[in-house]
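Residue-level structural notes
Next come the chains, spelled out residue by residue.
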Amino acid sequence: YQYYLQHPARQGRTDTLPLPDLALQYADYAVWQRQWLQGEVLAQQLGYWERQLQDLPAVHGLPLDYPRPRVQTVAGATLHTRIDATLAQAFTALCQAEGATLFMGLHAAFSTLVARTSNETDIVIGSPIANREQSGIEGLIGFFVNTLVLRADLSGTPDFKHLLSQSKRTLLDAYAHQQVSFDQLVERLQPQRSLAHSPLFQIMLVLQNNRQGTLALPGLELSQVEQGADIAKYDLTLHVTEGADGLGLSWEYNTDLFAHARIARMATHFANLLQQLVQQPAHNVFQLPMLAAQERQQQLDFSGTRYPDYPHGLCIHELFEQQVRAQPDAIALAFDGQYLSYAALNQRANQLAHYLLTQRQIKPGTMVGLCLERSLEMVLGLLAILKSGAAYVPLDPDYPLARLRFMLEDAQLATVVTMHGLQSRINLTPAQALCLDDPALQAALAAQPGDNPGTAALGLTPAHPAYVIYTSGSTGNPKGVLVAHQSLLVSTCARLHFYAPPLQAFLLLSPCGFDSSVAGIFWSLISGAKLVVCNPASLRDLNRMVHLIAHERINYLLAVPSFYYEILSVMQSSDFDRRHLQGVILAGEALMPHIANEHLAYFGPGCHLINEYGPTEATVWSSAYLLEPRQYHGQVPIGKSPGIGQLYVLHQGQILPSGTPGELYVGGAGLALGYLNRPDLSAEKFVANPFYDPGQPHSSRLLYRTGDLVRWLADGNLDFLGRIDHQVKIRGFRIELGEIETALLNHAEVREALVLVDEQRLLAYVVPEQAADVAGRAYLAETAETAEKADTAAGLQQRLRHYLAESLPDYMVPATFMLLPAFPLTPNGKLDRKALPKPDRAARQSAWVAPENALQQTLCELWQQVLGLPRIGLHDHFFLLGGH
Ligand code: AMP
Ligand code: MG
């Protein structure tokens, strides 16, 4: 104004002011606001926001290209794109037809973009509002602007019309409560403080719909200057400008979080989405095509459909027989100082196979149990069963009787290859059991021919099942996964292509009840390599194991990462000869970066480290990642398909862009035949492949839904993010929490049960039938105030523990049981997981009894260090106290 008065262009006309007098000043407004916004009005306004923003997600889930800095930065860049006039008009018309404004439409569409990019449904977006509600203040200069927090719910299968009406409601309500300033709101809601991102929302939407009139001043030429092009106030702000030529979009993004390419892709997705929303406003927005054709093709290429040439028409043991012919004298099998050559192993397996065929009426597809401890016989028996045309069903001798009995029934096992000691343990009838240590049987076997039974004569084809492996089932019983020779053959031959240098000696750690054993057994036997079955003593004593690895010149081993970490630390502290080991395969659970980094530092380039991923249902492995010689942070990728089949990352049937989390679907030759006796479950998990085209192999027509949450990285590797259901892995063991819950509910004293994983241990919450015994208030059994209650609770815990141990393997029995009078519920009646009491470790300690001798003293001190507890007594239980 000063400038105006003094400007020469005014030519000394200081007499009249061109502007009318102000009826109100900003200060008047401030006083009014302060008086009005208190008491009931304030409470009502704040109340709305408290309800509306209850349990707000702390931060959005948009995929980041760089790890979020600990302290938020404002480094930014802006990308400008356009929506052409035709589309802009059509979109505006659609909004109007639904009784909504353009801004409401943009809010609904932008929320959809964020939801589909992050694969989340609770979407929070901020938006500035002019906040000049009274016409009297329209002409005032002053800071009125406020920021509204807008929340969209995209759960279920929402269509755009539905989202539009939701946005309309959300916005109208927000406008009606716009007087509460953003800082008041933050103060009231008290979100978890973080310097890493702004509170309540980090994504903003701005619509600039005031026509920007060109400002003209006499003697001056004015043009608009883009402000602060290298600044981003939020993680992402979309500025929309309405113009005659369509919508101008400015994508202001934080360059410490996002790469330009990602924002450019999102801008393309947004344009494609708007187009689709206009065309199909009543269609589920999660199913509208959003990716550009080229990007879609690239994502499809990631899925990896190129197959190496696998031998056709053969069963897995025929590849072993080829090795027998090629190198009969090579060592095939080693166990605890005993060795078998390829020729000898083949001869003995053939004799048992002939016996099975003639004495047990085995037909292709018959199932034969295999219940043996780790031994030469374990591998021999398994080969013999395959050679007879049957499928083997491993029965882990360590499993509780009830579980083994279930498997015997379920698979209708008329024959079980076993030993005397185990036969009586699992109550096998003499007709069922084939005891390899029975002298009579041994004599009968010696009389059998030693030649290959052959497959053609048996009518055996690669489509027949090779094995059934049981895994935990969510509805209370384990489920048998049925795998055909063909899948086993492809899965195994893929190893010959993927792994270099070739396999020479493999150390088998897993028992044959887990499908990770399949990897090493068959890879060895079809490579002409030596399969070393780890002896129990070496499993107990890792010094012996490390010695065994060196002594047998093992060049590959496969282990669960957490177990390998222990082996590695023993290698590090001994004079282990590093020359022979050429590859360590880690599989079965997420590979933590510190394990990878230690391996890489210890071995250097001499010994590869591979992260293998795969469910039993897709025959051992579906993807693999060879680690590079660098430091890993965050999780180690699970890699790409090694040429076994396709990998799709999908959500509601749609291909997702790189970075967006979705469920992994696996297809191809490795897919299992399904679950034994469970057609319904098979149909639920093995679904039609929407991308199947008749040019692809027949085996690609189904996809297995893994239940694993993954995302594509930009380089075509997969990143594992976790599970989308209640399946967990503990020390590599696959567990359905529902199976434990069902088992608990079968107990007469249990009314409700819930099982969780807490710090790598299973934790069961139980509401007893006699809830009165634990009534009053929620309490931990371990911290019961009265001795009587404590006794009741401790007694019940003991009973539950024993009960579960009768039907579940030990790794499925919870370490802790917490008894509650009732489960905590949320206001809308759902289980409130956050309100469940946390087990208190110290409270689980027994009454203290002092150690009596030096050894006990040393152990107690060790436990104190390891468990971080101040005092350990004689009767304390390592695992109950959180050890693992
Ligand atoms: P299983 O059928 O016992 O082999 O278990 C398969 C499940 O283990 C997968 O669905 C994953 O949840 C998990 N899993 C296997 N390998 C890996 C890996 N390398 N990283 C992360 N999770 C894995
Ligand atoms: Mg596995």
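The structure we're discussing is the one just above.
My aim in this report is to walk through the structure given alongside it, one point at a time. Every chain is numbered on its own, with residues counted from 1 as its sequence reads. All chains are assigned letters beginning with A, and all ligands numbers beginning with 1, in the order in which they are written. Reporting of local features is limited, given that this is a predicted model, to residues whose pLDDT is at least 70; pairs of side-chain atoms are given and counted only at 80 or more, and all residues count toward the totals for whole chains, interfaces and linings. The side-chain values count all of the structure's non-hydrogen atoms but skip hydrogen atoms and water molecules.

The way to describe two aromatic rings as a pair is by their centre distance and the angle between their planes. We call Phe, Tyr and Trp rings a pair once their centres come within 6.5 Å, taking the six-membered ring for Trp, and we label the pair stacked below 30 degrees between planes, edge-to-face above 60, and tilted otherwise. As enumerated under the stated definition, the model contains 32 aromatic pairs in all. Residues Phe498 and Tyr499 carry aromatic rings whose centres are separated by 4.9 Å and whose planes lie at 75 degrees to one another, so their mutual orientation is edge-to-face. Relative accessible area decides the class of each residue, using a 1.4 Å probe on protein chains only: under 20% of the type maximum gives buried, over 50% gives exposed, and in between gives partly exposed. The exposure class of Phe498 is partly exposed, given its relative accessible area of 29%. Classification of Tyr499 as buried rests on a relative accessible area of 6%. Each member of the aromatic cluster is reached from another via a ring pair, and the members are Phe498, Tyr499, Phe506, Trp523, Tyr556 and Trp621. When the ring centre of Tyr632 is taken as origin, the NZ or CZ atom of Arg630, which lies over that ring, is 4.1 Å away. Placement of a charge over a ring requires the Lys NZ or Arg CZ to be within 6 Å of the ring centre, with the centre-to-atom vector within 35 degrees of the ring normal.

The next point concerns helix H3 (residues 39–52). Each helix is a run of DSSP H or I of at least 4 residues and each strand a run of E of at least 2, with the numbering of both proceeding from the N terminus. Residue count minus one, scaled by 1.5 Å, sets the expected span of a helix. If you check H3, its first and last C-alpha atoms are 20 Å apart, about what 14 residues at 1.5 Å a residue would give, namely 20 Å. Residues of H3 that are buried: Leu42, Gln45, Leu46, Gly47, Tyr48 and Trp49.

Time to look at the pairing of strand E19 (residues 608–613). Most of E19 is tucked away, with five of its six residues classed as buried. Sheet topology note: the strand E18 (residues 583–587)/E19 ladder contains five bridges and is parallel. When the bridges of E19 are listed, Gly583 appears paired with His608. By the criterion used throughout, a crossover qualifies as right-handed when its path from the first strand across the helix to the second strand runs clockwise, the strands pointing away from the viewer. At this point the chain moves from E18, through helix H21 (residues 593–603), to the parallel E19, and the crossover so formed is right-handed. Of the pairings in the sheet, the one linking E19 to strand E20 (residues 623–626) comprises four bridges and is antiparallel in character. For Tyr613, the partnering residue across the bridge sits in E20 and is Ser623. Between any two strands, pairing holds if DSSP finds at least two bridges.

Residues are called lining when one of their atoms sits within 4 Å of a cavity or pocket point, these points coming from a 1 Å grid over the protein atoms alone, where a cavity is a set in which a 1.4 Å probe fits but cannot get out and a pocket is an open set with protein on both sides within 12 Å along at least five of seven lines. Grid points are joined across faces, edges and corners, and a volume is the space filled by probe spheres set on the points. This structure, assessed with the given rule, holds seven cavities of 30 Å³ or more. Size it by volume and the largest cavity reaches roughly 80 Å³. Lining the largest cavity are 13 residues, with Val59, His60, Asp122, Ile123 and Val124 sitting closest to its centre. Here the element with the most residues in the lining of the largest cavity is strand E2 (residues 122–129); it accounts for three residues. Polarity classes work like this: nonpolar for Ala, Val, Leu, Ile, Met, Phe, Trp, Tyr, Cys and Pro, charged for Asp, Glu, Lys and Arg, and polar for all others, with Gly in that last group. Residues that form the lining of the largest cavity fall into these classes: eight nonpolar, three polar and two charged.

Another point: the site of ligand 1. We call a residue near a molecule or strand as soon as one heavy atom of that residue lies within 4 Å of the molecule or strand. Around ligand 1, 16 residues are found, and the nearest of them are Glu612, Thr616, Asp708, Lys729 and Arg734. Here an oxygen atom of ligand 1 and a side-chain polar atom of Arg723 are 3.5 Å apart. Across the complex, the protein chains shield 94% of the 490 Å² of accessible surface that ligand 1 would expose by itself. At the level of secondary structure, the elements contributing two or more residues to the shell around ligand 1 comprise E19 and strand E27 (718–723). What qualifies as a polar contact is a pair of N or O atoms within 3.5 Å, subject to a donor-acceptor requirement within protein and to the restriction that residues adjacent in sequence count only when both atoms come from side chains. What sets the accessible areas is the Shrake-Rupley method with a 1.4 Å probe; for residues, cover comes only from the shown protein chains.

What follows deals with the environment of Pro311. Structurally, Pro311 can be placed in the loop between helix H9 (293–302) and helix H10 (316–326). As a C-alpha pair, Pro311 and His283 span 28 residues in sequence and 46 Å in three-dimensional space. Any two residues having at least one pair of non-hydrogen atoms within 4.5 Å are treated as being in contact. If near-sequence neighbours (up to four positions away) are discounted, Pro311 is found in contact with Leu319, Leu489 and Cys493.

Right, let's talk about the sheet that holds strand E7 (residues 331–335) for a bit. With mixed pairing, eight strands are arranged side by side in an open sheet as E8-E7-E16-E15-E17-E18-E19-E20. If you trace the sheet from one side to the other, it starts and ends with strand E8 (338–341) and E20, each paired once. Averaged over all neighbouring strand pairs, the angle between strand axes comes to 20 degrees, with direction disregarded. Contacting strand E17 (556–559) and E18, helix H20 (residues 561–572) crosses the sheet at an angle of about 145 degrees to E18. Comment: axis = line fitted to C-alpha atoms, over the contacting stretch for helices; angle = value between 0 and 180 degrees taken between N-to-C directions.

This part is about the environment of Gln72. On the secondary structure map, Gln72 appears in the loop between H3 and strand E1 (76–83). The exposure class of Gln72 is partly exposed, given its relative accessible area of 24%. Residue contacts for Gln72: discarding those within four places in its chain leaves Leu195, Ala196, His197, Ser198, Lys233 and Asp235. Engagement of the side chain of Gln72 in a polar contact is seen with the backbone nitrogen of Ser198, the distance being 3.3 Å.

Attention now goes to the side chain of His747. Looking at the secondary structure, you find His747 in the loop between helix H23 (737–745) and strand E30 (750–758). We classify His747 as buried; its relative accessible area is 11%. Discounting chain neighbours no more than four positions away, the residues touching His747 are Leu800 and Tyr803.

Read across the sheet, three strands follow the order E30-E31-E32 without closing on themselves; strand pairing throughout is mixed. In this open sheet, the two strands that pair with only one neighbour each are E30 and strand E32 (816–819). Across this sheet, the average inter-strand angle for adjacent strands is 25 degrees, counted without regard to direction. Of the pairings in the sheet, the one linking E30 to strand E31 (residues 761–768) comprises eight bridges and is antiparallel in character. From the neighbouring strand, Glu752 faces E31, where its bridge partner is Val767. This element, H23, spans E30, E31 and E32 of the sheet and lies at about 150 degrees to E30.

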